[in-house]
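Inside the fold
As a plain string of letters, each chain reads:
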Amino acid sequence: MPAALRPGLERRLKAALKGEVRADAATRGRYATDASHYQVMPAAVAFPRDAEDVAAAIAIAREEGVAVTPRGGGTSQNGQTINTGLVLDCSRHLNRILELDPANRRAVVQPGLVLDELNRALAPYGLWFPVDVSTASRATLGGMAGNNSCGARSLRFGTMRDNVRAIEAILPDGTAARFDDRASLRNDSPIAPLVSDLRAIAAREADEIEARFPKVQRRVGGYNLDALVPARNPPNLAHLLVGSEGTLAFSTAIELALSPVLPRHRTLGACHFGSFHAAMESAQHIVTLAPVGVELVDRTMIELAREIAIFRPTLEAFLRGEPEALLLVEFAEHDAATNRRRLKDLAALMGDLGFGWDRTGARFGGVMEITDPALQGAINQLRTAGLNIMMSMKEEGKPISFVEDCAVPLEHLADYTTRLTAVFERHGTRGTWYAHAGSGCLHVRPVLNLKLEKDVRAMRAIAEEAFAMVRAYKGSHSGEHGDGIVRSEFHAFMFGDRLVRAFEAVKDRVDPRGVMNPNRIVRPPRMDDRTLFRYHPDYAPSTHAPALDWSEFPRATPAAAFQAAVEMCNNNGACRALAGAVMCPSYRATREERDVTRGRANTLRLALSGQLAGGIASDDVAEALSLCVSCKACRRECPTGVDMARMKIEVLAARTAARGLSLRDRLVAFLPAYAPYAARLRALAHARDAIPGLARLSERIAGLAAARPLPAWARAPWRDDEASLADPDVILFADTFNRWFEPENLRDAARVLRAGGFRLAAAADGGRPLCCGRTYLAAGLVDRARAEARRSLAVLAPHARAGRPIVGLEPSCLLTLRDEWLALGLGETARLVADRALLFEEFVDHNAARITAALAPLAGRRVIVHGHCHSKAFGAFPAVIRALKAIPDLPVAPIESSCCGMAGAFGYQAETLSVSRAMAELSLLPAVRAADPHTLIVANGTSCRHQIADLGGRAALSPARVLASALRQGDAVPRMMS
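Residues numbered from 1 in each chain as written. Predicted model: local features only at pLDDT ≥ 70, side-chain atom pairs only at ≥ 80, totals over all residues. Heavy atoms only, no water.

Considering the overall build of the protein
Note the following rule: Counting from the N terminus, the helices are the DSSP runs of H or I reaching at least four residues and the strands are the DSSP runs of E reaching at least two. It is over C-alpha atoms that the radius of gyration is taken, and the globule rule equals 2.2 Å times the number of residues to the power 0.38. Classification of residues uses two cut-offs on accessible area relative to the type maximum, computed with a 1.4 Å probe and protein chains only: under 20% is buried, over 50% is exposed, and between them is partly exposed. The criterion used for residue contact is that any of the two residues' heavy atoms lie within 4.5 Å. Per-residue and other accessible areas follow the Shrake-Rupley method at a 1.4 Å probe size, with only the shown protein chains counted as cover for residues. For the purpose of counting charges, residues Lys and Arg are taken to be positive, whereas Asp and Glu are taken to be negative. His and the chain ends are not included. For the purpose of locating charges, the reference atoms are NZ of Lys, CZ of Arg, CG of Asp and CD of Glu.
Within the protein, the regular secondary structure consists of 46 helices and 26 strands. Here the C-alpha radius of gyration of the protein, 30 Å, is about what a compact globule of 978 residues would show, namely 30 Å. With respect to the principal axes defined by its C-alpha atoms, the protein has extents near 90 × 70 × 60 Å. A total of 978 residues make up the protein; the buried ones form 64% of that total. Partitioning the contacts of the protein with sequence separation of at least 6, the portion at a separation of at least 24 is 74%. Carbon and sulfur atoms make up 51% of the accessible area of the protein, which amounts to about 34700 Å² in all. Charge-centre separation for the protein: the mean point of 121 positive side chains lies 4 Å from the mean point of 108 negative side chains.

Some thoughts on the side chain of His93
Tracing the sequence through the fold places His93 in the loop between β4 (86-89) and β5 (97-101). Each residue touching His93, except ones within four places of it in the same chain, is listed here: Phe47, Pro48, Arg49 and Gln110.

Re the pairing of strand β10 (residues 250-257)
How we decide: Two strands qualify as a pair provided DSSP detects at least 2 bridges between them.
Burial within β10 is extensive, with eight of its eight residues counted as buried. As defined by bridge partners, strand β6 (residues 106-109) adjoins β10 across four bridges and the pair is classed as antiparallel. Its bridge partner lying in β10, Val108 is registered against Glu255.

A few points about the sheet that holds strand β24 (residues 892-894)
Picture the strands of a sheet paired through backbone hydrogen bonds; they go either parallel or antiparallel. Counted only if it meets this: Orientation is described by axes fitted as lines to C-alpha atoms, over the contacting stretch for helices, and by angles from 0 to 180 degrees between their N-to-C directions.
Strand order in this open sheet of four strands is β24-β23-β25-β26, and the pairing throughout is parallel. Since the sheet does not close on itself, it has two edges, and those belong to β24 and β26 (956-957), each with one partner. The sheet contact formed by strand β23 (residues 862-866) and β24 spans three bridges and is parallel. Among the inter-strand pairings, Val865 is bridged to a residue of β24, identified as Pro894. Contacts from helix α42 (residues 877-884) reach β23, β24 and β25 (935-939) within the one sheet, and its direction differs from that of β23 by about 165°. Set on the sheet, helix α45 (residues 942-952) makes contact with β23, β25 and β26; between it and β25 the angle comes to about 135°.

Digging into the sheet that holds strand β3 (residues 68-71)
Spatially, the four strands line up as an open sheet ordered β1-β2-β4-β3, and their pairing is mixed. Of all strands in the sheet, those bounded by a partner on one side alone are β1 (21-22) and β3. Taken together, the two bridges between β1 and strand β2 (residues 44-46) define a ladder with antiparallel strand orientation. Bridge pairing links Val21 to Ala46 in β2.

Some points on the packing of aromatic side chains
Stated precisely, the cut-off is as follows: The criterion for an aromatic pair is that two Phe, Tyr or Trp rings (for Trp, the six-membered ring) have centres within 6.5 Å, with stacked assigned to planes under 30 degrees apart, edge-to-face to planes over 60 apart and tilted to the rest.
The final tally for this structure, using the stated rule, is 17 aromatic pairs. Each ring, one from Tyr38 and one from Phe533, has its centre 5.6 Å from the other, and the planes form 75°; the classification is edge-to-face. With Tyr38 in the loop between α2 (25-30) and β2 and Phe533 in the loop between α21 (497-510) and α22 (558-566), this pair connects stretches of sequence that are 495 residues apart. The burial state of Tyr38 is the same as that of Phe533; both residues are buried. Residues Trp128 and Phe157 carry aromatic rings whose centres are separated by 5.7 Å and whose planes lie at 90° to one another, so their mutual orientation is edge-to-face. Note that Trp128 is positioned in strand β7 (residues 127-128) and Phe157 in helix α6 (residues 154-157), a separation of 29 residues in sequence. Judged by relative accessible area, Phe157 falls into the buried class, the value being 17%.

Observations concerning helix α38 (residues 827-836)
Our working rule: In this context, the arc is that of the directions from the helix axis out to the C-beta atoms.
Among the residues making up α38, those that are buried are Ala830, Val833 and Ala834. Viewed along the axis of α38, the buried residues span an arc of 105°, placing them on a single side of the element. Facing away from the buried side of α38 by over 90 degrees, the exposed positions are Glu828 and Asp835. Each element contacted by the buried residues of α38 is listed here: α36 (782-801), β21 (806-808) and β22 (837-839).

Let's talk about the confidence of the model for the protein
As a general rule, the predicted coordinates of low-pLDDT regions are not to be interpreted in detail. Selection criterion: On a range of 0 to 100, pLDDT expresses the predictor's confidence in each residue.
For the protein, per-residue confidence averages 94 on the pLDDT scale, and 98% of positions sit at 70 or higher. Low pLDDT (under 50) marks residues 970-978, which in the prediction has 19 contacts with non-local residues, meaning those over four places away or in another chain.

Considering a nonpolar patch on the surface
As a reminder, the rule being used: For patches, a residue must show more than 30% relative accessible area and have no salt bridge; joins then use 9 Å for like charges and 5 Å for nonpolar side chains, namely Val, Leu, Ile, Met, Phe, Trp and Tyr. A carboxyl oxygen of Asp or Glu within 4 Å of a side-chain nitrogen of Lys or Arg is what we treat as a salt bridge.
Together, Leu663, Leu667, Leu697 and Ile701 make up a nonpolar patch on the protein surface, roughly 330 Å² of accessible area in all. For Leu667, the location among the structural elements is in helix α28 (residues 663-669). A relative accessible area of 34% places Leu667 in the partly exposed class.

Considering unusual backbone geometry
Negative phi is the rule for most residues except glycine; trans is the rule for most peptide bonds. A cis amide bond links Met583 to the next residue, Cys584, at an omega of -5°. Residue position: Cys584 is located in the loop between α22 and α23 (585-590). Positive phi is not limited to glycine here, since Ala435 has a value of about 90°. With respect to the secondary-structure elements, Ala435 resides in strand β17 (residues 431-436). Take Ala435: its relative accessible area is 4%, and that puts it in the buried class.

Notes on the pattern of salt bridges
Following the criterion strictly, the structure yields 76 salt bridges and no others. Ionic pairing is found between Lys18 and Glu52, a salt bridge with its closest N-O pair at 3.5 Å. Of this pair, Lys18 sits in the loop between α1 (7-16) and β1 while Glu52 sits in helix α3 (residues 51-64), placing them 34 residues apart in sequence. Judged by its relative accessible area of 59%, Glu52 is exposed. Glu117 serves as the salt-bridge partner of Arg120, at 2.2 Å between the closest nitrogen and oxygen. In this pair, Arg120 and Glu117 both sit in helix α4 (residues 115-122), three residues apart, roughly one turn of the helix. The exposure class of Arg120 is partly exposed, given its relative accessible area of 41%. The exposure class assigned to Glu117 is partly exposed, which follows from its relative accessible area of 26%.

In structure tokens form, the structure reads like this:
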């Protein structure tokens, strides 16, 4: 019976484990993929809470005849963390630091701890863990150990193997033991017989290991048998587990060697080259200057990064001319003068090698010297996003990982890349190149469409030719990302049959019943077995007709275009970051794969391709999107451009068409339509929160959380005739929320603009107030939203044609004009209006000179600012900070926060109230509580202000109110600020 059909497995696991166990189709589907092109459906997924849970799960799986696969961040690129049995997700609960010993530079961690989280904890001690992989925001230490990860600075700090001291693990037979250089070598160790047998295997094969193991630093293929050969290394049994990809044991605690943090005064040289070959040829000379890293950025990556809003400013800050390649060379000695001197030496070396800014062709080049830490950090972010930038191609072919991290001696690097490029061309494709030039380990991905049999055949042929080259150069076919399904098949080719039999002997001695992650490293399937592909032979094209326009993905049909947008997710997991930026706020609160952009995209992909019953209107898809707050962070921060907020509109539209609207959906969607009437009956509308019992009744009837008061309707809503000049400079677009609930924000915005000498008119057609359609989109009522947009366009388009800015206060509304309106099929008129639409703060920032002249200091005040997610998603949040800094002598600081958690109606829903609070508590509310009474708290979003007031107990102000209070006309400070 297939593992997925064993009813006893799920039942026994649920009875024995403290952590959750799931075997539903959607969960299994989300864990069937990693960052490779494979898909293997597991039998079940468990989330162990401690080592006891792990031991119990392994015992039950062993008895049930089911394999066990450990999983961390699920970012492996070769299929290491997907298999047919039981997946144990370590990232949910096994993510603590168990011991921290700064004096001895050591830490003991659980396997699910994310690298960035560890380094944040180490920072106060001046320490870090130096295996700085590009996926540090989501890579777990257990996964890094299992993969023998390397990182950009391996020239100085080595691989995981060089930085792991010991591992405590549970063996497949249930034995718990410590693997290290002492206890595991003693005769009284519980694994003494095992160790003796393993050392005997290594001793028997010592000559073969010496002859066949590549002599490059980045050799992570096979098992580390050389760790057991005393003549080669001081024996450390932990190093046998490092790189074993969960095939030998389950690591429950990992002891790490720590290093002092890199100095802030490090330097970075961006070496520009007029030809790719010249860059590769130069790497061997550059490493003689002892940099800590030499990283490649090729022309393809430069061009793709230019198209990604979050990276464009970084490129503009340091790129010179049109180079074919860059080598980013970092110096990080603890003596600042040494770093500066080596940067100068680098420039001199480039000149000695024949490069100059005044030259053309291959000899064009030079060094851009970068000493500003902020710019260095931005460049590092661009560099670490290399994979995702490459995967942002919208064409059907994508850069595929299978020869990605071959490592060759540096003297052969230029020849290897030239020959491999010729291989790609021979098979009708091209490659993308980036990463670790200083280690001779380039990430190279041929562009292929693995839905096509011809491209699958090309993949096989390219792999065989590439690995033959690597073997000839005495390099390693697996230089960083491990073996998995992709490379395990080629071990005989690289190491020879005798060492492959030795690897099998190790596996069979440690795991005779094949419990731990079978068919990886030894006895693997063929790497081109299409039944294991994400796009397997039966993968179905979508037949779902989308409600929005997805034509930026050039496909034959709208259904195929929408499916292509969903398939842009490459599972690399940037959305799993736990701090910094915004994405993905609900995941940060729940740590559930279901609630991260990647998990949602996988759910949608499975539904669209017929692998989940019910299609995109199913309960499985609805559940996956239930905590998506449509923050749009993924629109900007996902390097492959997976816009889940927009995709959610498609799901809501399909679900609404199939099932209709709930009462709460109607209350939210039709708010702009009934607002004029509700405002006149404000006393009745406020009864819900004034009369005991009515709030609870509203929760039972409409699902509106009784614990959360609803916004209060204004006594004097905004009227469009408050700004109605006949020949205006600026058009004020009054949104539903500020109009009916916080009209003082619109009035203050108008005062600020008038103080700057601008003539205002409100956007109006003489009837019901204009609307962006946002609330209708939130309920999936795309046709109604389109109708509202057309009505507004009829008014706004003439102003846009006349060159007048269209200014609004509420990011979720104004930015709808720049985003969703372009996907509603409204033609060039929508684009014209989008190009003129500005947030109030953007307009103030663009016209700072005129407005600053009208502002006076706010004595004794300082400001902290929480930015609305949509303003961050469109790169508009810096304008909020700059607009407030227009007030003389006013200290302004951003709150480093993700989504506030209110997100329109999300924070008012009974079923999502707790998650809304959890999101606010991550960073926003602690910052609010820490602010002194004289500090003004500013939030440019309506939802954000209500969340801060309701949960933080502090009034939050619109930037317009703060700017208005600083006008020189002597107006009093608004009462909310007192």
